[in-house]
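Residue-level listing of the chains:
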Amino acid sequence: MEDFDKLIKDCAAGKQQAQARLYHLFSPKMYGVCLRYAKDASEAEDSLQEGFLKVFTKIKSFRNEGSLEGWIRRIMVNVSLEKYRKQRLLYSVEDVSIYDKEYHSGDIISDISANDLLDMIQELPPRYKLVFNLYVMDGMSHQEIAKEMDITEGTSKSNLARARGILQQKVNQRFGEHRVKTNTKA
Amino acid sequence: MMKEDKYIDRIFHDKLTDYEKVPPAFVWDNIEAKLAGEKHRKLFIYWRVAGVAAALLIAFIAGWQFSKDSFTEPETIVENIKQQPIQNEITVTKPENSSFATAETTTSFESINQPAEKPITAPIQLVSGNTKAEPSKPVIQKTEKQGFIESLHAVLKSQEPGSKNLAEKNPLMEKVLFSAEELRIIEENKALLAMNTSAADERKWMVGAAVSPVYSVSQSSHNTEYAKKMATPESNNDLTMAGGLSFEYKTQKKWSFQSGVYYNKLEQASSNSAQVVFADNSKYGLNGFFSTPVSENNGKLEMNSVAGVIQIDNLPSTVQMEGNLDRELMSSSILSDASFNQNFEYVEIPLFVKYQLVDSKVGVQVLSGLSTNILVGNNVYLQDQSGKSRVGKTDGMVDLNYSGVFGLGLNYSLTSNLYLNIEPRFKYYFNSLNEDSDVSYKPYSFGVYTGISYSF
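Basis of the calculations
- Residues numbered from 1 in each chain as written.
- Chains lettered and ligands numbered in written order.
- Predicted model: local features only at pLDDT ≥ 70, side-chain atom pairs only at ≥ 80, totals over all residues.
- Heavy atoms only, no water.
- Helix = DSSP H or I, 4+ residues; strand = E, 2+ residues; numbered from the N terminus.
- Buried < 20%, exposed > 50% of the residue type's maximum accessible area, 1.4 Å probe, protein only.
- Contact = heavy atoms within 4.5 Å.
- Areas by Shrake-Rupley, 256 points an atom, 1.4 Å probe, with all protein chains shown as cover.
- pLDDT = per-residue confidence, 0-100.
- Expected span 1.5 Å × (residues − 1).
- Salt bridge = Lys/Arg side-chain N within 4 Å of Asp/Glu carboxyl O.

1. Topic: the overall build of chain A
Part 1 of the argument: Per the secondary structure count, chain A includes 8 helices and 0 strands.
Part 2 of the argument: Ordering the α and β elements of chain A from the N terminus gives α-α-α-α-α-α-α-α.
Part 3 of the argument: Counting every position in chain A, which comprises 186 residues, the buried fraction comes to 53%.
Part 4 of the argument: At a minimum sequence separation of 6, the contacts of chain A that also span at least 24 residues come to 72%.
Part 5 of the argument: A total of about 8,600 Å² of accessible surface is found on chain A, and carbon and sulfur atoms cover 48% of it.

Next comes the structure, spelled out in structure tokens:
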């Protein structure tokens, strides 16, 4: 971790070498984060670029209080949130039909690749996608989500439910019709 | 229901939390370009702000100078009046109604009629509410009222050669015409005038010493082939120091010439080009992804840098090399987390022309000139975890170079012949510091020279 202190300092001083190193260390993971929030790869690349530019301009204010990775991840999430806020007016409020909930059994989890799941998330309507990501992937509470997205907690909850419903259906479509069994591991 | 929700959450969470994908290379290229652009923008803003500040300063100084010139101080008036013979024709102009009041005195003291050594014809601004009173005494009193009542222009002309110093030569008249208070002022002014004239005339030479932190900005261009194998230049945030001795000769007017001997140092940092991240690079391990090509020439390792080819004599044992160096011109790489620091030391002999904008307790000058720079030190240091060590020198550095300098000088007189000086100076090189045709390396630098000087 000592190396990180120097790396952070050098990045703050604007050293290209250090910036390149930081980018190469964290960009694969952060690209993964951006892909989850984006509608496609091109939007994710855009977010990644914007996010890292923010990282480099704000790294002076990083105070070693949390992990560097967590801090960078938070910036990426914020960039994605900002994008959503800017484009919000373009989206209709409820832009998807309500899916029936269908649940999948646990025995095929191993068959699903991460790329497949990522595609499914990317295909979600923007708001569902955001709520699902923030709640499930980045551990935010409905209260926090409501604040960040300027919606009510109720809306956040219902959006999450719908996102789950859609994802469940997509999983089913791709891996056959398996009806819900009660032997889920959760 | 809850369990089912958690189940779908878990599928995604478990599979995607640690999901990684290497982004396309152009993303970093874009980021790098934007970061470089940002740096230039900041520099540009800095120069713009500095330019505006300099313009404001010059305008302020000019305004100050102008207003000082056009305002005649009351003390001088008293002095002039005292020197004017009483029998002078006094023309009093009242601008408001353009009427003239002329009074002529015919006092006939013997001494007054002596030929004057210095006939004085001086326009004098007076302020008075009473223009037609007796000419002698009221004129003196008027000076005390200056600023309170309406202004008038009184033009005193020598009608005939007057006496140089009336009061001195005629104690009787002195008693008659001037009160004790007025006489005191007269004496004070005389002393002041004498001091000013002697100070201005005598001290022509000045010697001084100054030191300055110097901030250099590397400005370079390279042949494409050369640049491909070049170590990554790093912005040099470290300040270097410069300093030296100077002497200055003042002409009669506001011009002066300055020369001297200064030492200054330029630094250029480079690091290994970070282009390759090895797959086995552990998450937090930062070792082993550098690839600056190094070639071998006449038994010496050579590496391209922004300021020229670095010739490496000896590498510390901590530095790892990759590649076979036995074969001639085989390209190898340095595999350590290291940065190179090229130091160039110069002895500088400047010739500056200075122009005095403000000459008072705090003096302000502008300066401009040329410097001859003689290369006296050329070393390359390698900095890695084990410390800093000399590894060689930069090839092709020109021994003699010329630079242009311009700046501003502020000096504050501590005593009558000791000055504190602050001189912000901007310096740029006319030619590349390296004669290699693949490299054009022309840094420019900014320093604030601070020191003291002694005039004699």
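2. Comments concerning the overall build of chain B
Part 1 of the argument: The number of helices and strands found in chain B is 8 helices and 21 strands.
Part 2 of the argument: Out of the 456 residues in chain B, the part that is buried amounts to 41%.
Part 3 of the argument: Of the contacts made within chain B by residues no fewer than 6 positions apart, 71% connect residues no fewer than 24 positions apart.
Part 4 of the argument: Accessible surface computed for chain B: about 24,600 Å², of which carbon and sulfur atoms make up 58%.

3. With respect to the confidence of the model for chain B
Part 1 of the argument: When pLDDT is averaged across chain B, the result is 70; 60% of the residues are at 70 or more.
Part 2 of the argument: Here residues 84-145 of chain B scores under 50 on pLDDT; set against residues more than four positions off or in separate chains, the count is 137 contacts.

4. Digging into helix H6 (residues 126-137) of chain A
All names here are of chain A.
Part 1 of the argument: Over its 12 residues, H6 runs 15 Å from end to end, which matches the ideal 16 Å to within 8%, given 1.5 Å per residue.
Part 2 of the argument: When you tally the buried positions in H6, you get 11 out of 12 residues, the bulk of the element.
Part 3 of the argument: Along H6, the positions that sit buried rather than exposed are Pro126, Arg127, Tyr128, Lys129, Leu130, Val131, Phe132, Asn133, Leu134, Val136 and Met137.

5. Regarding the pattern of salt bridges
Side chains carrying opposite charge are able to pair once their charged atoms draw close together.
Residues and elements named next belong to chain A.
Part 1 of the argument: If you walk through the whole model with that rule in mind, you get 18 salt bridges over all chains.
Part 2 of the argument: Note that Lys83 and Glu50 form a salt bridge whose closest N and O atoms lie 3.9 Å from each other. Of this pair, Lys83 sits in helix H4 (residues 68-87) while Glu50 sits in helix H3 (residues 41-58), placing them 33 residues apart in sequence.
Part 3 of the argument: Of the residues examined, Lys83 reaches a relative accessible area of 14% and is grouped as buried.

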